[in-house]
There are 2 protein chains.
Amino acid sequence: MSKILIVEDESDISELIALHLTREGHDYLCIANGLQALPAAVEHQPDLIVLDLMLPGLDGMQIFRRLRADTRTTNIPVIILTAKAQVTDKIAGLELGADDYLTKPFSPRELYLRISAILRRVKKVTHVSEIHRGRFMLDRKNMKLFLDGSPLDLTTTEFKLLTTLMENDATVHTRADLLREVWGYSTEVATRTLDTHIKRLREKLGSAGNHIVTIRGTGFQFQTELPEAIAA
Amino acid sequence: MSKILIVEDESDISELIALHLTREGHDYLCIANGLQALPAAVEHQPDLIVLDLMLPGLDGMQIFRRLRADTRTTNIPVIILTAKAQVTDKIAGLELGADDYLTKPFSPRELYLRISAILRRVKKVTHVSEIHRGRFMLDRKNMKLFLDGSPLDLTTTEFKLLTTLMENDATVHTRADLLREVWGYSTEVATRTLDTHIKRLREKLGSAGNHIVTIRGTGFQFQTELPEAIAA
DNA sequence: GGCAAACGTGACGAAATTGACACAGTCAAA
DNA sequence: TTTGACTGTGTCAATTTCGTCACGTTTGCC
């Protein structure tokens, strides 16, 4: 649902957070190098950043200030983690616009709650989630697919699969990619599952099913424009 | 210009806060007796409540729970002040839906900043107290639901749940989302609670219960317009 | 054309999801 | 303290959805 950027050099902490986020159905991205925080935030546009101030050899507050200074990231909420419990630092953080502030050691649960609280607020300003592709209109927010204006019923898995294909239409999606995106598999599994779902999807799309094109030996692709309808 | 309710028995603290608020151009209202918190909040509809949990002879958490339970005050952000620094209490507060939490002794400055932060956020949300959706009319202020013009009695939880669904109607609400929005859980707990309440809600809505649509594998959705009641 | 690999298809059992319900715990009012 | 309303949890069954398998078909290549 939401995408979170975690900037934290201690892998056990970031993994803990990541685990929780996964369970909550969120996307996340971990980086350990504070210098990458800004570029990563710019590129991935997360909904929330969890920033550890105590990165080795770096002034975390500096990073934070840059995040706030850059227009592409100013509006992204930031939760700051730090070992410094001094009040002055807290103030500095909040004053600069951090959305929340936790001092180590903190209860993971409390962090989750604060993350949730912030996402809850942010979520209300949801992005427009409609993808238009030719005869198709995919409404992520409502989880609806419209083909030529009329709605089609898809299961959750089918919807995820189609969304993934349509988000980057015209690009070839590897089998491994799709398995990872839709099923969350990290490993490559030899399975016909993907094929089955592709098939069911095509079935439901009816005549428009041929927009899902097989790239033999590689994967699948969504083509908005079909090259040659006329094979005659 | 916002209105803040301060519930605090130590007059030096409340005066300090009040002074700051005045300088910032806000209205405020101080009460020392926790029992008056709810009635005062109902009457004055403040934009924010600062609640000291350590009121003499009263369980502050109790007061907080009542504030949350009453629909006329559920949506008012609360900052909790307390001397109890125990993590469990913090969690209890946040879990119940407090917007922020400060433990004494705190820097007044920090409190101001948090107050400002919350007011800034709240201000963006224009409060509409009536939601009209087809046959439904939901009156948040009085916690009443009208179906085809006649009132239905809903419990607090049911009301919150329905409100959440109706506020963003037609959008799919994840189970996790709903648990967060309505219950404040940050949890991954497998529970039938949500289902149970959905069921009770549908029951009370009677024939109109089918406006609450199950999205299998994902969550629920409020549909103002039902697709095809009878395709015959 | 023949071959092997990759892909499509249909069917079936397993797993997940959810609605219904009973029951126990909690809280506020009497 | 008792009562009654409300809420949360566990179980069960019905249903949907999923993943796997076996087998047929297509594709690329010689």
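Because the structure is a prediction, the values reported are computed rather than measured.

### Considerations on the overall build of chain A
And then number 1: Each helix and strand counted, chain A has eight helices and twelve strands in total.
And then number 2: Per-residue burial over chain A gives 45% buried out of 232 residues.
And then number 3: Put simply, of all contacts in chain A between residues at least 6 apart along the chain, 58% involve residues at least 24 apart.
And then number 4: Within the structure as shown, chain A displays about 11,800 Å² of accessible surface, and the carbon and sulfur contribution to it stands at 51%.

### Points about the protein's contact with DNA strand D
And then number 1: The immediate surroundings of DNA strand D are formed by 21 residues, with Thr-157, Thr-193 and Arg-200 of chain A together with Thr-155 and Thr-157 of chain B found nearest.
And then number 2: A share of 60% is what sugar and phosphate atoms reach among the atoms of DNA strand D within 4 Å of the protein.
And then number 3: Side-chain polar atom of Thr-196 of chain A to a base oxygen of DNA strand D: 3.3 Å apart, as the coordinates give it.
And then number 4: Looking at the surface near DNA strand D, the elements that each hand over two or more residues are helix H8 (193-205) of chain A together with helix H6 (156-167) and helix H8 (193-205) of chain B.

### Considering unusual backbone geometry
And then number 1: One non-glycine residue, Gln-45 of chain A, lies in the positive phi region at around 45 degrees.
And then number 2: Checked against the element boundaries, Gln-45 of chain A lands in the loop between helix H2 (37-44) and strand E3 (48-52).
And then number 3: Positive phi outside glycine occurs at Ala-170 of chain B, with the angle close to 75 degrees.
And then number 4: By secondary structure assignment, the location of Ala-170 of chain B is in the loop between H6 and strand E10 (173-174).
And then number 5: For Ala-170 of chain B, a relative accessible area of 26% puts it in the partly exposed group.

### Some thoughts on the protein's contact with DNA strand C
And then number 1: Surveying the vicinity of DNA strand C reveals 27 residues, the closest of which are Thr-214 of chain A together with Gln-62, Arg-175, Arg-192 and Thr-214 of chain B.
And then number 2: Counting only atoms of DNA strand C within 4 Å of the protein, the sugar-phosphate share comes to 63%.
And then number 3: Arg-202 of chain A is positioned with one of its side-chain polar atoms (N or O) 2.7 Å from a phosphate oxygen of DNA strand C.
And then number 4: With respect to DNA strand C, the backbone of Gly-217 of chain B contributes an N or O atom lying 3.0 Å from a phosphate oxygen.
And then number 5: Sorting the residues of the surface near DNA strand C by element identifies H8 and strand E11 (212-215) of chain A together with helix H3 (60-69), H8 and strand E11 (212-215) of chain B as the ones contributing at least two each.
And then number 6: For the surface near DNA strand C, the element with the most residues is H8 of chain A, which contributes five residues.
And then number 7: The class makeup of the residues in the surface near DNA strand C is four nonpolar, eight polar and 15 charged.

### A few points about helix H2 (residues 37-44) of chain B
Residues and elements named next belong to chain B.
And then number 1: Those residues of H2 that sit buried are Ala-37, Ala-40 and Ala-41. The arc that holds every buried residue of H2, seen down its axis, measures 100 degrees, which confines them to one face.
And then number 2: In this fold, the buried residues of H2 make contact with strand E1 (3-7), strand E2 (27-31), strand E3 (48-52) and H3.
And then number 3: In the segment just after H2, Gln-45 is the residue with positive phi, at about 45 degrees.

### Digging into the sheet that holds strand E9 (residues 150-152) of chain B
Residues and elements named next belong to chain B.
And then number 1: An order of E6-E7-E8-E9 is seen for the four strands of this open sheet, with the pairing classed as antiparallel. Every other strand in the sheet has two partners, leaving strand E6 (130-133) and E9 as the edge strands with one partner each. Strand-to-strand twist in this sheet, taken as the mean axis angle between neighbours without regard to direction, amounts to 25 degrees.

### A look at the pattern of salt bridges
All names here are of chain A.
And then number 1: Within the structure shown, the criterion is met by 14 salt bridges over all chains.
And then number 2: Here Asp-148 ties to Arg-135 by a salt bridge, and the two come within 2.8 Å at their closest N and O atoms. Highlighted residues: Asp-148 in the loop between strand E8 (144-147) and strand E9 (150-152) and Arg-135 in the loop between strand E6 (130-133) and strand E7 (136-139), separated in sequence by 13 residues.
And then number 3: Taken together, the salt bridges that share partners define one network made up of Arg-175, Arg-192 and Asp-195.

The rules behind each value
- Residues numbered from 1 in each chain as written.
- Chains lettered and ligands numbered in written order.
- Predicted model: local features only at pLDDT ≥ 70, side-chain atom pairs only at ≥ 80, totals over all residues.
- Heavy atoms only, no water.
- Helix = DSSP H or I, 4+ residues; strand = E, 2+ residues; numbered from the N terminus.
- Buried < 20%, exposed > 50% of the residue type's maximum accessible area, 1.4 Å probe, protein only.
- Contact = heavy atoms within 4.5 Å.
- Areas by Shrake-Rupley, 256 points an atom, 1.4 Å probe, with all protein chains shown as cover.
- Near = heavy atom within 4 Å.
- Polar contact = N/O pair within 3.5 Å; in protein donor to acceptor, adjacent residues only side chain to side chain.
- Nonpolar A, V, L, I, M, F, W, Y, C, P; charged D, E, K, R; others polar.
- Arc of directions from axis to C-beta.
- Pairing = 2+ DSSP bridges.
- Axes fitted to C-alpha atoms, helices over the stretch in contact; angles between N-to-C directions.
- Salt bridge = Lys/Arg side-chain N within 4 Å of Asp/Glu carboxyl O.

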